[in-house]
Amino acid sequence: MGSIGFVPTMGALHEGHLSLVAESNKTCKNTVVSIYLNPTQFAQGEDLDSYPQKLQVDLNKLSEYEVDCVFTPNNSEMYPEGFKTNNYSNNLFTLLEGKSRPEFFKGVTTIVAKLFDIVEPTHTFFGEKDFQQLCIIKKMVKDLYYPIQVVPCPIIRKKNGLAMSSRNVYLTKSEHDIAATINHALESGKNLLQLGERSSYLIKDKISKSIAAEKLFRVDYVSVADSITLAEISGFIEKDILVSTAVFLGGTRLIDNFSYSISSSK
Ligand code: AMP
């Protein structure tokens, strides 16, 4: 049997998603993409009802790639009557995104485990745009002994630096430009790191102030965390880190991050 690469998505595909498909095409003999708007990863009051759905456009985009199967299940297939969630959980669920979205990773791991069981891939491709999700899926694969290689894929951005996201369709033209400054703020933190700054406080402060300069933003969090444990670093940075942020622009919640290797910059 040849290799099967699997790219799970919620649809409204953009170049970020398509980069995962391209990576699967490069790595695997076959590629399966799922498009499923998973209701259990949205809390009450989040954007499940307004989340963009463009199945035909998505299928047209995928037709440009070597995709052997596009799996588009419906809710009653993925959540049969009476099913709630699986019991899988790990210690990364409650950190970072999990603090703001307590049910999110339960929803994600429930659906991804089901999709793994159905598709039985040899490889699966996840974007570093959702770095914590990637870490949690890697850990779930290890903890539950799935014979699957999880392949991380870099963040794809617009020319102005804005990380591509299906939620960017909620933004007006001027909000797109404003949203791009989130990445510029992160870059200002990265510059400090490159200059040798190792105080997590000063890195966070620099990024927070850059974001706060744009009055339309409401910051959810700015974090400097250990890139493996995702535990917040409160003092001196001695390990490889994940620098991440979540910011509201109007009603749209935007996330972005970068990883920084202290070991390779010494
Ligand atoms: P979603 O449809 O938002 O659930 O995303 C499906 C997959 O695409 C996840 O693995 C995401 O991390 C990945 N993804 C989303 N946006 C990007 C991006 N800008 N660059 C790379 N991967 C992305």
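This text goes with the structure placed above it.
Residues numbered from 1 in each chain as written. Predicted model: local features only at pLDDT ≥ 70, side-chain atom pairs only at ≥ 80, totals over all residues. Heavy atoms only, no water.

**Remarks on the overall build of the protein chain**
Phase 1: In terms of regular secondary structure, the protein chain is built from 9 helices and 8 strands.
Phase 2: By the compact-globule yardstick of 18 Å for 266 residues, the protein chain fits well, its C-alpha radius of gyration being 19 Å.
Phase 3: Once the C-alpha set of the protein chain is aligned to its principal axes, its extents read approximately 50 × 40 × 40 Å.
Phase 4: For the protein chain, the proportion of contacts with a sequence separation of at least 24, taken over those separated by at least 6, is 70%. (Helix = DSSP H or I, 4+ residues; strand = E, 2+ residues; numbered from the N terminus. Rg over C-alpha atoms; globule rule 2.2 N^0.38 Å. Contact = heavy atoms within 4.5 Å.)

**What about the layout of surface pockets?**
Phase 1: Taken as a whole, the second largest pocket encloses approximately 280 Å³ of empty space.
Phase 2: Together, 15 residues line the second largest pocket, and Leu-13, His-14, Lys-158, Ser-165 and Val-169 are the ones closest to its centre.
Phase 3: When contributions to the lining of the second largest pocket are tallied by element, the ones reaching two or more residues are helix H1 (15-27) and helix H2 (55-62).
Phase 4: Considering only residue class, the lining of the second largest pocket consists of 6 nonpolar, 5 polar and 4 charged. (1 Å grid on protein atoms, 1.4 Å probe; cavity = no way out; pocket = protein on both sides within 12 Å on 5 of 7 lines; lining within 4 Å. Points joined across faces, edges and corners; volume = space filled by probe spheres on them. Nonpolar A, V, L, I, M, F, W, Y, C, P; charged D, E, K, R; others polar.)

**Some points on the sheet that holds strand S5 (residues 149-153)**
Phase 1: Here we have 5 strands laid out as an open sheet, ordered S3-S2-S1-S4-S5, and parallel in their pairing. Unpaired on one side and paired on the other, strand S3 (69-71) and S5 mark the two borders of the sheet. For this sheet, the mean angle separating the axes of adjacent strands, direction not counted, is 25 degrees.
Phase 2: With 5 bridges joining them, strand S4 (residues 123-127) and S5 adopt parallel strand pairing. Of the residues in S5, the one forming a bridge with Gly-127 is Cys-153.
Phase 3: Contacts between helix H5 (residues 104-119) and the sheet are confined to strand S1 (4-9), strand S2 (30-35), S3 and S4, with S1 contributing the most and set at about 150 degrees to the helix.
Phase 4: The strands that helix H6 (residues 131-143) touches are S4 and S5; relative to S5, the one it contacts most, it runs at about 170 degrees. (Pairing = 2+ DSSP bridges. Axes fitted to C-alpha atoms, helices over the stretch in contact; angles between N-to-C directions.)

**Describing the site of the ligand**
Phase 1: Near the ligand you find 17 residues, and of these Met-10, His-17, Asp-130, Ile-156 and Met-164 are the closest.
Phase 2: Asp-130 is positioned such that a nitrogen or oxygen atom in its side chain is 2.6 Å from an oxygen atom of the ligand.
Phase 3: With the chains in place, 92% of the 490 Å² that the ligand exposes on its own is no longer accessible.
Phase 4: Breaking the shell around the ligand down by element, the ones donating at least two residues are S1, H1 and S4.
Phase 5: The leading source of residues in the shell around the ligand is H1, at 3 residues.
Phase 6: In terms of residue class, the shell around the ligand is made up of 9 nonpolar, 6 polar and 2 charged. (Near = heavy atom within 4 Å. Polar contact = N/O pair within 3.5 Å; in protein donor to acceptor, adjacent residues only side chain to side chain. Areas by Shrake-Rupley, 256 points an atom, 1.4 Å probe, with all protein chains shown as cover.)

**Considering the packing of aromatic side chains**
Aromatic ring pairs are defined here through the distance separating the ring centres and the angle between the ring planes.
Phase 1: Under the definition given, this model contains 7 aromatic pairs.
Phase 2: Residues Phe-104 and Phe-105 carry aromatic rings whose centres are separated by 4.8 Å and whose planes lie at 65 degrees to one another, so their mutual orientation is edge-to-face. The two residues Phe-104 and Phe-105 agree in class, both being buried.
Phase 3: Within the aromatic cluster, the residues linked to one another by ring pairs are Tyr-88, Phe-93, Phe-104 and Phe-105.
Phase 4: Just above the ring of Tyr-79 sits the side chain of Lys-114; from NZ or CZ to the centre is 5.6 Å.
Phase 5: Arg-218 extends its terminal NZ or CZ atom over the ring of Phe-248, reaching a point 4.2 Å from the ring centre. (Phe/Tyr/Trp six-rings, centres within 6.5 Å; stacked < 30°, edge-to-face > 60°. Buried < 20%, exposed > 50% of the residue type's maximum accessible area, 1.4 Å probe, protein only. Lys NZ or Arg CZ within 6 Å of the ring centre and 35° of its normal.)

**Observations concerning the sheet that holds strand S7 (residues 241-249)**
Phase 1: Reading across the sheet, the 3 strands line up as S6-S7-S8 and stay open at both edges, with antiparallel pairing between neighbours. Two strands close off the open sheet at either side, each with one partner strand: strand S6 (217-226) and strand S8 (252-260). This sheet shows a mean twist of 15 degrees between the axes of neighbouring strands, independent of strand direction.
Phase 2: Sheet analysis places S6 next to S7, joined by 9 bridges and oriented antiparallel.

**Structural notes on the nonpolar core**
Phase 1: Counting 35 residues, the largest nonpolar core has Val-112, Phe-116, Ile-137 and Met-140 as the members making the most contacts within it.
Phase 2: Among the secondary structure elements, those contributing two or more residues to this core are S1, H5, H6 and S7.
Phase 3: With 9 residues, the single largest contributor to this core is H5.
Phase 4: By size, the runner-up hydrophobic cluster in this structure holds 25 residues, among which are Leu-186, Phe-217, Val-224 and Leu-249. (Core = buried A, V, L, I, M, F, W, Y, C linked by side-chain atoms within 4.5 Å.)

**A few points about unusual backbone geometry**
Phase 1: Of note in this structure, Ala-12 is not a glycine but carries a positive phi near 50 degrees.
Phase 2: Mapped onto the secondary structure, Ala-12 falls in the loop between S1 and H1.
Phase 3: According to the relative accessible area criterion, Ala-12 is buried, its value standing at 8%.

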